[in-house]
2 protein chains.
Amino acid sequence: MANIKEIARIAGVSVTTVSRVLNNHPYVSPDKRAAVLQTIEQLNYSRNMNAVHLITGRTRVVAVVLPFINLFYFSLIMEGLAHEALLAQYRLVLCQTNYEPEEELHVLEMLRNKEIDGVVIVSSALKPEVIEEFTGYGPILTCQDNGPRQFSSVYVEHYAAFREGLDYLAAKGHTAIGYCEGRQQGSSSLIRQTAYRDFLQVQGWPVHEEWISFGCRTEEDGAAELHRLLALNSRPSALLIAGDHVAAGLMLEARKLRLRIPEDLAVIGFDNQPIGRLLGLTTIDNQLYEMGATAFRLLLRQIQGEETEPVHHKLEYRLIERSSV
Amino acid sequence: MANIKEIARIAGVSVTTVSRVLNNHPYVSPDKRAAVLQTIEQLNYSRNMNAVHLITGRTRVVAVVLPFINLFYFSLIMEGLAHEALLAQYRLVLCQTNYEPEEELHVLEMLRNKEIDGVVIVSSALKPEVIEEFTGYGPILTCQDNGPRQFSSVYVEHYAAFREGLDYLAAKGHTAIGYCEGRQQGSSSLIRQTAYRDFLQVQGWPVHEEWISFGCRTEEDGAAELHRLLALNSRPSALLIAGDHVAAGLMLEARKLRLRIPEDLAVIGFDNQPIGRLLGLTTIDNQLYEMGATAFRLLLRQIQGEETEPVHHKLEYRLIERSSV
DNA sequence: TTGTATGCGTTATCAG
DNA sequence: CTGATAACGCATACAA
């Protein structure tokens, strides 16, 4: 494949002039520009971007770290990221890590290796301190609430959001409230769990460990959870479920069992997914798309040097009242 | 940041030796290797991959072209792709194109520009002939049935799959069958539409254009479609709906209206999504995850030169009987 | 407005 | 086993 040198030779100009044309620099006479463009056309030339990346030290690529892409939560954030990346003419490298720390570190290494200009960590198994070790190599941003770290973040306050959900249930007269969670050790999961336990304590209600369930990730898990609860001697009258799709699985199973919602069991979901909308699920919207979009915009500012200090951007959650409570 | 030259100087060896250590080449004496490794550690050195990409002409990056990531269909294929990419130590660049041809061309340009080693086109607005113009720059693979093209493909026969769905409905006694589609002009959409029209013709049934609907993409669209059909004078007794989530929206709306499924209206979905499983939706499974995984594996073989001719790999669809027919 | 010369950081080549 | 040197293809400081 032809290179810039050959274009220069054939067009009868210097490589510098070719480079100028390629990068739309001023100070190139119209006839030389035309000659270069024609030669480029004629030889079907195209730049080797790796050389450009090497010399400029930039790649216009941002990596995204998440465990699985085929979950509504992640793919909606990704959509927001991708939309903004498209606008900014950046590329996203999707790093589906399956929560394996080794793979997550791999991505951070890419930052060191100059393969990418920045990293968005949507969800990770790494400790914040480990992430912080890489901040020197380029901008990093997480979509979790990690406190005042050396890397940026865009987040919603899950503690307050959960608290609002619990308050809402309490206001509706519920005093027996259960809780369904996906991961047990996740950064956000832990925050939500704390919110739940704190709430019970403040209310002076006992903690029923059997009303708390971890590992509820799929629709089927939601259905199974309902059966588990029904088998208990004493059971909650309301549930807070992290993940609308899990709540949906539970609700549909409840219908099959001719359980009425909310009369027999009230449910609040989390994330505001389409399936919840369809089922009339009361839920808490976390602005996932906006989170992705904002994350990219903030990271871009840092890549472009317009912002040098870590930024911590809070997004507002919103309780969406429907008919499941 | 330190470079290979500095490592060589400090370790007291040549850059070649450092490079050999970096790439685990044999023929390096243990003591020199140790010296290099220690210096690397000491200087916190890491490779500039852009230089590696430039000289090797490879990047271990594959681009994925799709319109939106936040649709079950696409994100499941992406999951399959990502899983295999992880295994092969390749990276995926997600190019969410919103079906804009300009953006899709951009990605193919990346192949010319040596930024990526290959392209997977999951769904695209480009004509196959346009894609073919880029096959000289590196391996390209689509997830659509484009016939014997100069690029590879992994696909399911939507024509046959739809035909099987229609046969199934007919076997159940339905003679008034409607059809819901997402895009009107998409490559797969056109194939399915042909299958539908051909089927009616073979059966000798008239085509009711008002039983055909395009632009049904969301759950809400499904619900709206039901209302549209109910307002007709004569309406179908069964529906074939491309996309389980759309079918789900319709089914849940039917429940609200106290319409019985399948007695009042039979429904077959497409894609086998979790929501369909939950609702007892009879559907056609298209092996989306497997499609992504297979796509990556095939493309990788071509990148590695183990396969030089375009490959066309057919995946089997499967009708999943549940209770909506 | 144009061109020359240099450097980006690595791997490949080839001679020892 | 080791090393000197030539690529890879481009952008840019500097000189003209």
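Since we're looking at a predicted model, the values are computed, not measured. (Residues numbered from 1 in each chain as written. Chains lettered and ligands numbered in written order. Predicted model: local features only at pLDDT ≥ 70, side-chain atom pairs only at ≥ 80, totals over all residues. Heavy atoms only, no water.)

### Looking at the overall build of chain A
Counting its regular elements, chain A contains 13 helices and twelve strands. Radius of gyration (C-alpha) of chain A: 26 Å, far over the 20 Å computed for a compact globule of 325 residues. With the C-alpha coordinates of chain A rotated into their principal frame, the extents come out at 90 × 40 × 30 Å. Put simply, chain A has 325 residues, and 56% of those count as buried. Carbon together with sulfur atoms contributes 49% to the accessible area of chain A, which is approximately 13,800 Å² in total. Looking at charge distribution, chain A has the averaged site of its 31 positive side-chain charges lying 6 Å from that of its 39 negative ones. (Helix = DSSP H or I, 4+ residues; strand = E, 2+ residues; numbered from the N terminus. Rg over C-alpha atoms; globule rule 2.2 N^0.38 Å. Buried < 20%, exposed > 50% of the residue type's maximum accessible area, 1.4 Å probe, protein only. Areas by Shrake-Rupley, 256 points an atom, 1.4 Å probe, with all protein chains shown as cover. Lys, Arg positive; Asp, Glu negative; His and termini not counted. Charge placed at Lys NZ, Arg CZ, Asp CG, Glu CD.)

### A look at the relation of the copies chain B and chain A
Rotating chain B by 180° and moving it 0.1 Å along the rotation axis overlays it on chain A with an RMSD of 0.1 Å. A rotation of that kind, with that shift, is consistent with a two-fold axis. Scanning chain B for the C-alpha nearest the rotation axis identifies V93(B), at a separation of 2.1 Å. With an isologous cut-off of 70% or more, the 98% of interface residues of chain B that recur at the interface of chain A puts this contact in the isologous class. (Least-squares fit on C-alpha atoms with pLDDT ≥ 70 in both. Contact = heavy atoms within 4.5 Å.)

### Focus on the pairing of strand β5 (residues 152-156) of chain A
All names here are of chain A. Counting buried positions over the five residues of β5 gives five, a clear majority of the element. Burial along β5 is two-sided: S152, V154 and V156 and S153 and Y155, pointing in opposite directions, are all buried. Sheet topology places strand β4 (residues 140-142) next to β5; two bridges connect them, and they run parallel. Looking at the pairing, T142 lines up with S153 of β5. When β5 meets strand β11 (residues 312-315), the two strands line up parallel, connected through four bridges. Counterpart to V154 in the pairing with β11 is H313. (Pairing = 2+ DSSP bridges.)

### Things to note about the domain arrangement of chain A
The accessible area lost on association of the parts is a frequent measure of interface size. Under the domain assignment used here, chain A contains domain 1 (4-47), domain 2 (59-157 + 288-317) and domain 3 (159-285). Averaged C-alpha coordinates put domain 1 of chain A and domain 3 of chain A at centres separated by 64 Å. (Domains from an automatic or database assignment.)

### Describing unusual backbone geometry
At the junction of I261(A) and P262(A), the peptide bond is cis and its omega measures out at 15° in the coordinates. Relative to the helices and strands, P262(A) is located in the loop between α11 (244-256) and β9 (266-268). Although it is not a glycine, R60(B) sits at a positive phi angle of roughly 55°. Inspection of the secondary structure assignment puts R60(B) in the loop between α4 (49-56) and β1 (61-66). Non-glycine residue N272(B) carries a positive phi angle of around 55°. Position of N272(B) among the secondary structure elements: in the loop between β9 (266-268) and α12 (274-279).

### Thoughts on the protein's contact with DNA strand C
The immediate surroundings of DNA strand C are formed by 23 residues, with Y27(A), S29(A), I55(A), I4(B) and Y45(B) found nearest. A breakdown of the atoms of DNA strand C within 4 Å of the protein gives sugar and phosphate a share of 61%. A distance of 3.0 Å is found between a phosphate oxygen of DNA strand C and a side-chain nitrogen or oxygen belonging to N23(B). One of the side-chain nitrogen or oxygen atoms of Y45(B) is found 2.2 Å away from a phosphate oxygen of DNA strand C. In terms of residues, the surface near DNA strand C owes the most to one element, α4(B), which gives four residues. (Near = heavy atom within 4 Å. Polar contact = N/O pair within 3.5 Å; in protein donor to acceptor, adjacent residues only side chain to side chain.)

### As for the sheet that holds strand β2 (residues 91-96) of chain B
As summarised here, the arrangement of the twelve strands in space is β11(A)-β5(A)-β4(A)-β3(A)-β1(A)-β2(A)-β2(B)-β1(B)-β3(B)-β4(B)-β5(B)-β11(B), forming an open sheet in which the pairing is mixed. Lying at the two open borders of the sheet, with one neighbouring strand each, are β11 of chain A together with β11 (312-315) of chain B. Pairwise comparison of adjacent strand axes, ignoring direction, gives a mean angle of 20° for this sheet. Against the sheet, helix α6 (residues 101-112) of chain B contacts β2 (91-96) of chain A together with β1, β2, β3 (118-121) and β4 (140-142) of chain B, and its axis sits at roughly 155° relative to β3(B). Its contacts with the sheet put helix α13 (residues 288-303) of chain B on β1, β2, β3, β4, β5 (152-156) and β11 of chain B, and the angle it makes with β5(B) is roughly 165°. (Axes fitted to C-alpha atoms, helices over the stretch in contact; angles between N-to-C directions.)

### Comments concerning the packing of helix α1 (residues 4-11) of chain B against helix α3 (residues 30-43) of chain B
Residues and elements named next belong to chain B. Packing of α1 against α3 brings their axes to within 9 Å, and their N-to-C directions diverge by 120°. The orientation of α1 with respect to α3, classified from their angle, is oblique. Crossing angle aside, the handedness with which α1 passes α3 is right-handed. In this structure, α1 uses E6, I7, I10 and A11 to contact α3, whose residues at the interface are A35, V36, T39, I40 and L43. Of the residues belonging to the contact of α1 with α3, the class tally is seven nonpolar, one polar and one charged. (Parallel < 35°, antiparallel > 145°, perpendicular 65-115°, else oblique. Left-handed = near helix turned anticlockwise from the far one by under 90°. Nonpolar A, V, L, I, M, F, W, Y, C, P; charged D, E, K, R; others polar.)

### Description of the interface of chain B and chain A
Tallying the contact residues gives 50 residues for chain B and 49 residues for chain A. It is N50(B), R91(B) and L278(B) in chain B that bury the most area against chain A; as a group they hold 15% of the surface buried on that side. Linking chain B to chain A there are two salt bridges. With its nearest N and O atoms 2.6 Å apart, the salt bridge here joins R277(B) to E220(A). Counting residues per element, the ones that place at least two in the side of chain B that touches chain A are α4, α5 (72-87), β2, α6, α10 (219-230), α11 (244-256) and α12 of chain B. Considering every element that reaches the side of chain B that touches chain A, the biggest residue donor is α5(B), with eight residues. A class-by-class count of the residues in the side of chain B that touches chain A yields 24 nonpolar, 14 polar and twelve charged. Bridging between β2(A) and β2(B) involves three bridges; their strand directions are antiparallel. (Buried area = accessible area lost by both parts, 1.4 Å probe. Salt bridge = Lys/Arg side-chain N within 4 Å of Asp/Glu carboxyl O.)

### Let's talk about the pairing of strand β8 (residues 238-241) of chain B
Residue and element names in this part refer to chain B. The alternating pattern of β8 places A238 and L240 and L239 and I241 on opposite faces, both of which are buried. With three bridges connecting them, β8 and β9 associate as parallel partners. Bridged to A238 within β9 is A266. Running through α11, the crossover from β8 to the neighbouring parallel element β9 is right-handed. (Right-handed = clockwise from strand over helix to strand, strands pointing away.)

### Thoughts on the layout of surface pockets
The space that makes up the second largest pocket amounts to roughly 1,100 Å³. Lining of the second largest pocket is provided by 33 residues; of these, R47(A), N48(A), M49(A), V52(A) and N113(B) occupy positions nearest its centre. Put simply, the parts of the chain that give the lining of the second largest pocket at least two residues each are α2 (15-22) and α4 (49-56) of chain A together with α6 of chain B. A per-class count over the lining of the second largest pocket returns twelve nonpolar, twelve polar and nine charged. (1 Å grid on protein atoms, 1.4 Å probe; cavity = no way out; pocket = protein on both sides within 12 Å on 5 of 7 lines; lining within 4 Å. Points joined across faces, edges and corners; volume = space filled by probe spheres on them.)

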